[in-house]
Each structure stands twice: as structure tokens, then as C-alpha cells.
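Single-letter residue listing:
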Amino acid sequence: YPDTMESLSLPALVSRVGEELLPFAKAKDMTLHWNLAEPVTVTGNASLLEKVVHNLLSNAIRHAPSGAPVWVTLSPQFLRVENSGVRIPEEDLPFLFTPFYRVEKSRNKATGGSGLGLSIASSFTEACGGDFHVETLADLFTAVVSFPLAEEP
């Protein structure tokens, strides 16, 4: 992937993916709260970064209860996607990036999913030279990604 790296507007990419997923959020009576005011240009593979953002937003919508808000915040240092839901036990956090791992006891089986999403998003983030981690606090789940900032021309 290094040969397909380019400068990308992260707010534009996040907005485009958010627009695609808005019908799914509305179907669950969810509100997406956007804070994309920062003009952030990163270096990465457009296709991979779009898949990472799509995964983060679709997971937040899929795993949050109906009517719950999803917060999307962008700064030059990170993209943060937060949603509330059922608490994920601390001991399960290290396994969330393992392919096919699902936290069955804290996720409704009706939400679907293969357990590949976070593993793939993490791999794609790393392929673009970025960092991906998750945080939890009570029932708040936060995915945080950062990518190399594009150099000024």
C-alpha cells in the first residue's frame, strides 16, 4: 500500500461516509453528532482509510442501542468515534482486534457481524502508518484512530 499513499482531506472523507450511513442511523432513531471543524489533511491510501471510517461508524451504529447518540470528533491528532451501549468487560478489550472474536456476552447476537471489523480496521490503519486503539468507560465505547499528517506543500 505505500505506493498508493496520497494526501487526503479527512473531514471530507468522514462526511462522505457519514452521509452514506445516515439512513441506517435514522432507522435506529439515532443522532450522529459531528465535530469536524478542523481542516485535517493526512497521508494514506484513500480506499483503506474509507474502509476504516466506514467500519468505525457502522460499528457504532450497529452496536449502540436504538435512540442512542454517536459522537464523531476530528482533530489534527485523531478521529474519535464514541457510542454508548452495553459495557465491554476490561478483560475482553485486548481481544477486540483478534479476527472473529466477538464479545458475545455483551453484544446482542441480533446485531450480526463476523467479528472481523475491528481487526480489519486496525490492519488498514497500520498499513497507512496510523494508530488504532479503543477505550471504554462504563457503557461508553470509544474508537480512536490517528494517521500521519500530510506535509505542507
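Everything numeric in this text was worked out from a predicted model, so none of it was measured. (Residues numbered from 1 in each chain as written. Predicted model: local features only at pLDDT ≥ 70, side-chain atom pairs only at ≥ 80, totals over all residues. Heavy atoms only, no water.)

Caption draft 1: Broad picture of the nonpolar core. Membership of the largest hydrophobic core comes to 37 residues, with the highest contact counts inside it found for Leu56, Val72, Leu79, Phe132 and Phe147. Looking at this core, the elements that each hand over two or more residues are helix 1 (10-27), helix 2 (46-63), strand 4 (70-74), strand 5 (79-84), helix 3 (117-127), strand 6 (131-137) and strand 7 (140-146). With eight residues, the single largest contributor to this core is helix 2. (Core = buried A, V, L, I, M, F, W, Y, C linked by side-chain atoms within 4.5 Å. Buried < 20%, exposed > 50% of the residue type's maximum accessible area, 1.4 Å probe, protein only. Helix = DSSP H or I, 4+ residues; strand = E, 2+ residues; numbered from the N terminus.)

Caption draft 2: Region of interest: helix 2. Over its 18 residues, helix 2 runs 26 Å from end to end, which matches the ideal 26 Å to within 8%, given 1.5 Å per residue. Buried within helix 2 we find Leu48, Leu49, Val52, Val53, Asn55, Leu56, Leu57, Ser58, Asn59, Ala60, Ile61 and His63. Among the residues of helix 2, the N-terminal cap falls to asparagine 45, whose side-chain oxygen and the backbone nitrogen of serine 47 are separated by 3.1 Å. (Expected span 1.5 Å × (residues − 1). Polar contact = N/O pair within 3.5 Å; in protein donor to acceptor, adjacent residues only side chain to side chain.)

Caption draft 3: Spatial organisation of the environment of alanine 138. Secondary-structure assignment places alanine 138 in the loop between strand 6 and strand 7. When the C-alpha atoms of alanine 138 and glycine 85 are compared, they prove to be 9.1 Å apart, with 53 residues separating the residues in sequence.

Caption draft 4: The packing of helix 1 against helix 2, seen in detail. One way to put it is that helix 1 packs onto helix 2 with a least axis distance of 9 Å and a crossing angle of 35°. Regarding helix 1 and helix 2, the two cross each other, and that crossing is right-handed. Within the contact between the two elements, helix 1 uses Leu13, Val14, Arg16, Val17, Gly18, Glu20, Leu21, Phe24 and Ala25 and helix 2 uses Ala46, Leu49, Glu50, Val53, His54, Leu57, Ser58 and Ile61. Of the residues assigned to the contact of helix 1 with helix 2, the class counts are eleven nonpolar, three polar and three charged. (Axes fitted to C-alpha atoms, helices over the stretch in contact; angles between N-to-C directions. Left-handed = near helix turned anticlockwise from the far one by under 90°. Contact = heavy atoms within 4.5 Å. Nonpolar A, V, L, I, M, F, W, Y, C, P; charged D, E, K, R; others polar.)

Caption draft 5: Main features of unusual backbone geometry. In the Ramachandran plot, aspartate 29 falls in the positive-phi region, its phi being about 55° despite a non-glycine side chain. If you trace the backbone, aspartate 29 turns up in the loop between helix 1 and strand 2 (32-35). Phi at alanine 138 is positive, roughly 55°, even though this residue is not glycine. Of the residues examined, alanine 138 reaches a relative accessible area of 52% and is grouped as exposed.

Caption draft 6: Summary view of the sheet that holds strand 2. Taken in spatial order, the five strands line up as 2-4-5-7-6 in an open sheet, and their pairing is mixed. Here the strands that pair on one side only, and so sit at the sheet edges, are strand 2 and strand 6. Strand after strand, the sheet turns through a mean of 15° between neighbouring axes, direction not considered. Across seven bridges, strand 6 lies against strand 7 in antiparallel orientation. (Pairing = 2+ DSSP bridges.)

Caption draft 7: Here's a closer look at the confidence of the model for the chain. Averaged over the chain, the pLDDT score is 82; the fraction of residues at 70 or greater is 76%. Taken as a whole, residues 104-115 scores under 50 in pLDDT and shows 25 contacts with residues more than four places along the chain or in a different chain. (pLDDT = per-residue confidence, 0-100.)

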